[in-house]
Amino acid sequence: MERLPWLRRLFPFVLILALLAASQVMDNYLQYIVNLVLIYVIIGIGLNFLLGFAGQFAFAHAALMGIGAYTAALLTTRVGLSFWLALPLSGVVAAVIGAGAALPAMRMRRVYLALVTLAFAQLIIWVLINWNAVTLGTDGVDLRAPYLFGWRMRGDRNTFYIVLPVTVFLYWLARRVLESHVGRAFIAIRENEIVARSNGISVAWTKTLVFALSAFYAGIGGGLYALALGFIVPDSFGLGQLTLHFSIVVLGGMLSLYGAVIGAVVLTTLPEFLRDVQALQEIIYGLVLMVVILVMPQGIVGPLKRFGILPREVLARNWRRLERRG
Amino acid sequence: MKRYRILPTSALALCAALALMGARAAPAAAEEGVTADTIRVGMFGPLTGPVSIYGYPINDGALAVYKATNDAGGINGRKIEVIQEDDACDPAKSRAAVKKLISRDHVFAIHGGSCSGATFATRDTMIDEEVPFMVMAATLDKISLPVNRYVYTTTPPGTSDGAEIVRFIRSMPNVKRVGIVRHVDEWANAKMESINASLEQPGLTVVANEVLDRNATDATTQVLHLKAAKPDVVIFVTYPAEGAVFLRDARKYDLAGPFIGTNGVTDLLDLAQRAGGLNAATDVYATAFVAGPVGSPAMAASTALLKKYYPDDRPQSVSFYGMSGAYAVVDALRRAGPNLTRKAFLDALESTKNLPAGPAFCKINITPENHQGCLAQQMWTLRDGKIVALGETWSPTNPTN
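Residues numbered from 1 in each chain as written. Chains lettered and ligands numbered in written order. Predicted model: local features only at pLDDT ≥ 70, side-chain atom pairs only at ≥ 80, totals over all residues.

## Focus on the overall build of chain A
Scanning chain A from terminus to terminus reveals 15 helices and four strands. A compact globule built from 326 residues would reach a C-alpha radius of gyration of about 20 Å, and chain A, at 20 Å, matches this within 12%. Each of the three principal axes of chain A carries a C-alpha extent, and together these read 60 × 50 × 45 Å. Taking all 326 residues of chain A together, 47% fall into the buried category. In chain A, the proportion of contacts linking residues at least 24 apart, taken out of those at least 6 apart, comes to 76%. (Helix = DSSP H or I, 4+ residues; strand = E, 2+ residues; numbered from the N terminus. Rg over C-alpha atoms; globule rule 2.2 N^0.38 Å. Buried ≥ 20, exposed ≤ 12 C-beta atoms within 10 Å, placed from the backbone. Contact = placed C-beta atoms within 7 Å.)

## Considering the nonpolar core
Membership of the largest hydrophobic core comes to 225 residues, with the highest contact counts inside it found for Ile39(A), Ala72(A) and Leu268(B). Here this core takes 18 residues from helix 2 (residues 28–53) of chain A, the largest share from any one element. In contact with Ala72(A), not counting residues within four places along its chain, are Phe83(A), Ala86(A), Leu87(A), Ser90(A), Leu143(A), Gly223(A), Ala226(A) and Leu227(A). (Core = buried A, V, L, I, M, F, W, Y, C linked by C-beta atoms within 7 Å.)

## Quick notes on the domain arrangement of chain B
All names here are of chain B. Segmentation of chain B into domains returns domain 1 (38–156 + 298–364) and domain 2 (159–288 + 378–389). Using C-alpha coordinates to define each centre, domain 1 is positioned 30 Å away from domain 2. Listed as interface residues are nine residues of domain 1 and, on the opposing side, ten residues of domain 2. In terms of residue class, the side of domain 1 that touches domain 2 is built from three nonpolar, five polar and one charged. (Domains from an automatic or database assignment. Nonpolar A, V, L, I, M, F, W, Y, C, P; charged D, E, K, R; others polar.)

## Here's the deal with helix 8 (residues 220–229) of chain B
Residues and elements named next belong to chain B. For helix 8, the set of buried residues is Gln222, Val223 and Leu226. The buried side chains of helix 8 occupy one side of the element, clustering within an arc of 95° when seen end-on. Residues Thr220 and Ala228 are exposed on helix 8 and point more than 90 degrees away from its buried face. At its buried positions, helix 8 is contacted by strand 6 (177–182), strand 7 (205–211), strand 8 (233–237) and helix 9 (240–252). Where helix 8 ends, the next residue or the one after it, Lys230, has phi of about 50°, a positive value. (Arc of directions from axis to C-beta.)

## Quick word on the confidence of the model for chain B
All names here are of chain B. When pLDDT is averaged along chain B, the result is 87, and 90% of the positions lie at 70 or above. Averaged pLDDT values over the elements of chain B bottom out at 51 in helix 1 (residues 6–22) and peak at 97 in strand 4 (residues 133–135). Across residues 1–6, confidence stays below pLDDT 50; counting only partners more than four residues off in sequence or on other chains, it has nine contacts. Across residues 22–29 the pLDDT falls below 50, and counting only partners more than four positions away or on other chains, this stretch makes eleven contacts in the model. (pLDDT = per-residue confidence, 0-100.)

## So, the sheet that holds strand 5 (residues 151–153) of chain B
Residue and element names in this part refer to chain B. If you walk across this open sheet you meet the five strands as 2-1-3-4-5, and the pairing is parallel. Two strands lie at the open edges of the sheet, namely strand 2 (79–86) and strand 5, each paired on one side alone. Shown here is a sheet whose adjacent strand axes are inclined to one another by a mean of 25°, direction ignored. In the sheet, strand 4 pairs with strand 5 via three bridges, with the strands oriented parallel. Each residue of the ladder has a partner; that of Met134, found in strand 5, is Tyr152. (Pairing = 2+ DSSP bridges. Axes fitted to C-alpha atoms, helices over the stretch in contact; angles between N-to-C directions.)

## Thoughts on unusual backbone geometry
All names here are of chain B. With an omega dihedral of 0°, the bond running from Leu145 to Pro146 counts as a cis peptide bond. Along the chain, Pro146 falls in the loop between helix 5 (141–144) and strand 5. Residue Asn215 is not a glycine yet carries a positive backbone phi of 65°. Tracing the backbone shows Asn215 in the loop between strand 7 and helix 8. Look at Asn215 and you get exposed, because 11 C-beta atoms sit within 10 Å.

## Topic: the pairing of strand 8 of chain B
All names here are of chain B. Most of strand 8 is tucked away, with five of its five residues classed as buried. Sheet topology note: the strand 6/strand 8 ladder contains five bridges and is parallel. Each bridged residue has a counterpart across the sheet, and for Val178 the counterpart in strand 8 is Val233. Direction of pairing for strand 8 relative to strand 9 (residues 259–261): parallel, over a ladder of three bridges. Bridge pairing in strand 9 links Val234 to Phe259.

## Overview of the environment of Val147(B)
Relative to the elements of secondary structure, Val147(B) occurs in the loop between helix 5 and strand 5. If near-sequence neighbours (up to four positions away) are discounted, Val147(B) is found in contact with Glu369(B), Asn370(B) and His371(B).

In structure tokens:
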């Protein structure tokens, strides 16, 4: 595809058009699953910024998704704000809180950072459960379908029309960020903070930025998740959710945007494919994860790139043109 | 060069596959899920995951009722065909399960849901798709309130359980100071809502209100706080494992009862065993919406039914939680007549009157204004190592309520 630039440029449009066409004949069940896949693509990209590109071993992603979900649900249901304002605010609120999680990352790495962010995540869940006056505690919060030009966007297909453009935009934004000097700064602090600093990169600023950016994606994903489900409870954003997020990134492939997409597709649809073998569901699910991680240490994108099924991803704009110039 | 063409081609293929997978199939009969010889009923619950203890045991009880109905000739010439899906007690998965049952399996009605949050997340789908829904064992009030034409339950909701506990406490002589130990989740909150409301009336004062975390293995702090407050009675709104931890530590630190539990700890012998023996469960009471303890004459018929179809299942209190709903569904299907439609079925459900509820203590009564079919409960305690109902010393709610 590198040699056929028009094919590369055309591909996203083909995919979007194909998805839109498919949505016309999907039943509610499949449409709902597709919506969840797209939401987990956003969440996977967000975690990939932090875990894959910047190498920050943080465990607050599911809780930040919860903050996004609760922000969107509470602002629309209890404050009466339009969903179209609440959705970006869910990302902004999560980003602000996520940036706060960057503070321990200034002094800690690896397992210490993991422990502190895990405690931070547990604190957020505790607040969601116990701050009854605002979050309604474990009773959960509804999120009503929003209106667009007087038309109520109710149902899975209408949700898809909201989720798809947001996912496409955030994917495009992620690619722009990663192909810029900011993306290369993420990689630099992952490889060696001292070298990064000696190259003029502000490690503190870069870490804050990547935590906030990752949290923004988690927040938007959470807001859309609340929309897709229509009802959220704090338990939905605990360790199970976090494990899913990590699995998406690790199984799909770290250091790759395609990885987030593939991981989200596989891990959201796999339990559905296994519905007919309920007794073996958890065993097969676990085995698939183990085999992929053992056989494909770079995730599923590793062999797909090696065999030329997926193109290379290079963190520079117009790198193909620069490569051709030699 | 050609090898990269696989990308857009596979994208198109994927979407075509999605389209084919999702293409709406025309229902086989005029009414969804009904054929000349079958009625298809969907069922969902936590068949996998950490709370699967509320999955197969509960569903099997309901399935036994449906199987017995089929073996007795079915309903108006039709056999009930049940399709089970897993929700793992997760709202996202319960929605997927219900959407699959409706869109793919084209069920006539759904009988399922044992976890409150996961079940509530499916309510709007049932209503939007106009599918009759009988709740299996979830107790969150807002699943069945406000009343909706499509949503029904025969499991006493959380608020009625809480109110029953306070009614029992008010019947105790010389009880003025109440201590509480509780979980914080949607199940416990529903019960606490009515407990708090009932305790606000004069005569009783809450002197301590302690939170015990789910999966707690120690309740020393809660017990010592309660002991310092000197309550006349302690309400514990916990699951069995944590309730046992609390009772064990209460005995350890000489916190005296009586202790009143919810219908979540109905199986008092199991609770005593977990707490370290019968002595730990002295002066412990619990509400119960089944007619009698497992193994008692009141449960003999239901136990035999369960053992007939699921000989490997160990009969336990939860085994009987789904049966009353199944009896209500079967009765309404029968009364809806041979020309079965959802409208006829819903009309029949809404006119259910004094229907025996199998292992449940109540008689099922459903009207257009009230879709909570069972509200009556008993109070149980342990005497001489056996669970007994307090009928002779305390008047339970009227079973026809």
